[in-house]
Amino acid sequence: MERKEFLRSLGAGAAFALLFPCAQGCSNDEEDGGNRVVPSGVDFTLDLTSSEATPLSGNGGFIEVTSNVSMDGLTDIVVARNLQGELVAASLICSHEGYAEVEFVDQGEGIFFCEVHGSQFAQDGTPLNQVDSRPARALKVFNVELNGDILRIFE
Ligand code: FES
């Protein structure tokens, strides 16, 4: 699927957002600094047959679906296929200091992890550790609904 077709497949909730779905590891957002806005009003679909979604074909794979900086908070989402083969989605923006560095890692039963300061979160967003003196806050997670090859991610 061409990028244009992939973008067309996005739902109305994010129709005006310019998205840059990235395979794992393409984020460079650490250089952009923290305090990014946690996504809200999220409701879009992802075509799992698109090339951008290829990392989701295997357990433990994940992709980042990001807006550009000027559209901060619209669609900064990490979508993963967990180790049990289920699709899960969470904020790419870490609840610790707001860096867009959350990824899915195959630790334990599979967790969300932010490499900036090492925050770890269960798949339901529950914090698993505390990286400084402040109480750890939950990572925002999103609902997913699979219809054929189309995955809806929403609140
Ligand atoms: S910003 Fe993610 S652990 Fe600090």
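Nothing here was measured: the structure is a model prediction, and the numbers come from that model.

J.: Before we go on, may I ask you to explain the overall build of the chain in this structure?
T.: From N to C terminus, the chain includes one helix and 10 strands. Start at the N end of the chain and walk to the C end: the helices and strands fall as α-β-β-β-β-β-β-β-β-β-β. Across the 155 residues in the chain, those meeting the buried criterion constitute 48%. Considering only intrachain contacts with a sequence separation of at least 6, the fraction spanning at least 24 residues in the chain is 54%. Just so you have it, the chain exposes about 7400 Å², and 48% of that area is on carbon and sulfur atoms.

J.: Looking at this structure, I do not really get the pattern of salt bridges. What am I missing?
T.: Once their charged atoms are close, side chains differing in charge can pair, the charge on each being opposite to the other. Counting across every chain of the model gives five salt bridges. As a salt-bridge pair, Arg-36 and Asp-76 come within 3.2 Å of each other at their nearest N and O atoms. A residue pair is termed long-range when its members are at least 10 positions apart, and Arg-36 in the loop between β1 (19-23) and β2 (43-47) and Asp-76 in the loop between β3 (62-67) and β4 (77-81) qualify at 40 residues. For the pair formed by Arg-36 and Asp-76, the shared burial category is buried.

J.: Honestly, the packing of aromatic side chains in this entry has me stumped. Any pointers?
T.: Ring pairs (aromatic) are described by centroid distance and by the angle formed between their planes. Summed over the entire model, instances satisfying the criterion amount to one aromatic pair. Here the guanidinium or amino end of Arg-152 rests over the ring plane of Phe-154, the centre of that ring lying 4.0 Å away.

J.: When you look at the nonpolar core in this model, what are you seeing that I'm missing?
T.: Most often, soluble globular proteins have nonpolar side chains that are buried together. Counting residues in each nonpolar core, the largest one holds 17 residues, and the members touching the most others are Val-78, Val-102, Phe-112 and Leu-139. Among the elements of the structure, β4, β5 (87-91), β6 (102-105) and β7 (111-114) are those that each provide at least two residues to this core. Dropping the residues within four chain positions of it, Leu-139 is found in contact with Ala-90, Ser-91, Ile-93, Cys-94, Ser-95, Val-102, Phe-112, Phe-121 and Gly-125. The next biggest cluster of nonpolar side chains, apart from the first, holds 15 residues, and it includes Leu-48, Val-79, Phe-142 and Leu-151.

J.: Just checking my understanding: could you explain the environment of Glu-155 for this structure?
T.: With respect to the secondary-structure elements, Glu-155 resides in the segment after β10 (150-154). Between the C-alpha atom of Glu-155 and that of Asn-143, which follows or precedes it by 12 residues, the distance is 5.7 Å. A distance of 2.5 Å separates a polar atom in the side chain of Glu-155 from the backbone nitrogen of Gly-41. Within polar-contact distance, the side chain of Glu-155 engages the backbone nitrogen of Val-42 at 2.9 Å.

J.: What is the right way to look at the sheet that holds β7 in this model?
T.: Within a sheet, neighbouring strands are paired by backbone hydrogen bonds and run either parallel or antiparallel to one another. Sheet architecture is open: three strands sit in the order β6-β7-β8, paired in antiparallel fashion. Of all the strands in the sheet, the pair left with one neighbour each is β6 and β8 (120-121). Examined bridge by bridge, β6 and β7 share four bridges and lie antiparallel to one another. Bridge pairing in β7 places Phe-104 opposite Phe-112.

J.: Teacher, can you tell me more about unusual backbone geometry here?
T.: Keep in mind that most residues, glycine aside, have a negative phi and that most peptide bonds are trans. At Asn-35, a position not held by glycine, the phi torsion is positive, near 60°. Structurally, the position occupied by Asn-35 is in the loop between β1 and β2.

J.: In this structure, what is going on with the environment of Leu-56? I would like to understand it.
T.: Of note, Leu-56 is situated in the loop between β2 and β3. C-alpha separation for the pair Leu-56 and Arg-81, spaced 25 residues apart in sequence, amounts to 5.5 Å. Filtering out sequence-adjacent residues up to four positions away, Leu-56 remains in contact with Leu-46, Leu-48, Gly-61, Phe-62, Ile-63, Val-79, Ala-80, Arg-81 and Leu-87.

J.: What exactly am I supposed to notice about the pairing of strand β9 (residues 141-147) here?
T.: On a regular strand, one side chain projects to one face of the sheet and the next to the other, so that they alternate. In terms of strand pairing, β5 meets β9 through two bridges, oriented antiparallel. Note on β9: the bridge partner recorded for Ala-90 is Val-141. Pairing analysis gives five bridges linking β9 to β10, with the strands arranged antiparallel. Residue pairing in the sheet places Val-144 in a bridge with Ile-153 of β10. Here β9 hands over to β10 after two residues, with Gly-148 in that stretch at a positive phi of 65°.

So, how was this worked out
- Once a new chain begins, its residue numbering starts again from 1 and follows that chain's sequence as written.
- With the structure being a predicted model, the display of local features is reserved for residues of pLDDT at least 70 and the display and counting of side-chain atom pairs for 80 or more, all residues being used for whole-chain, interface and lining totals.
- Based on all heavy atoms of the structure, the side-chain values leave hydrogens and waters out of the count.
- Helix and strand assignments follow DSSP, with helices taken as H or I runs no shorter than four residues and strands as E runs no shorter than two, numbered in order from the N terminus.
- Exposure classes here rest on a 1.4 Å probe applied to the protein chains alone. A residue is buried below 20% of its type maximum, exposed above 50%, and partly exposed in between.
- Contacts between residues were defined by any pair of non-hydrogen atoms, one from each residue, lying within 4.5 Å.
- Residue burial considers only the protein chains on display, and all accessible areas are found by Shrake-Rupley using a 1.4 Å probe.
- Any carboxyl oxygen of Asp or Glu within 4 Å of a side-chain nitrogen of Lys or Arg constitutes a salt bridge here.
- Two rings from Phe, Tyr or Trp (for Trp, the six-membered ring) form a pair when their centres sit within 6.5 Å of each other. Planes less than 30 degrees apart are called stacked, planes more than 60 degrees apart edge-to-face, and all others tilted.
- Put simply, a charge is over a ring when the Lys NZ or the Arg CZ is close to the ring centre, within 6 Å, and near the line of the ring normal, within 35 degrees.
- Here, the term nonpolar core denotes a set of buried Ala, Val, Leu, Ile, Met, Phe, Trp, Tyr and Cys residues that are joined through side-chain atoms within 4.5 Å.
- Polar contact criterion, stated in full: a pair of N or O atoms within 3.5 Å, where within protein one must be able to donate a hydrogen and the other to accept it, and residues adjacent in sequence count only if both atoms are side-chain atoms.
- DSSP-based pairing: two strands are paired if at least 2 bridges between them are found.

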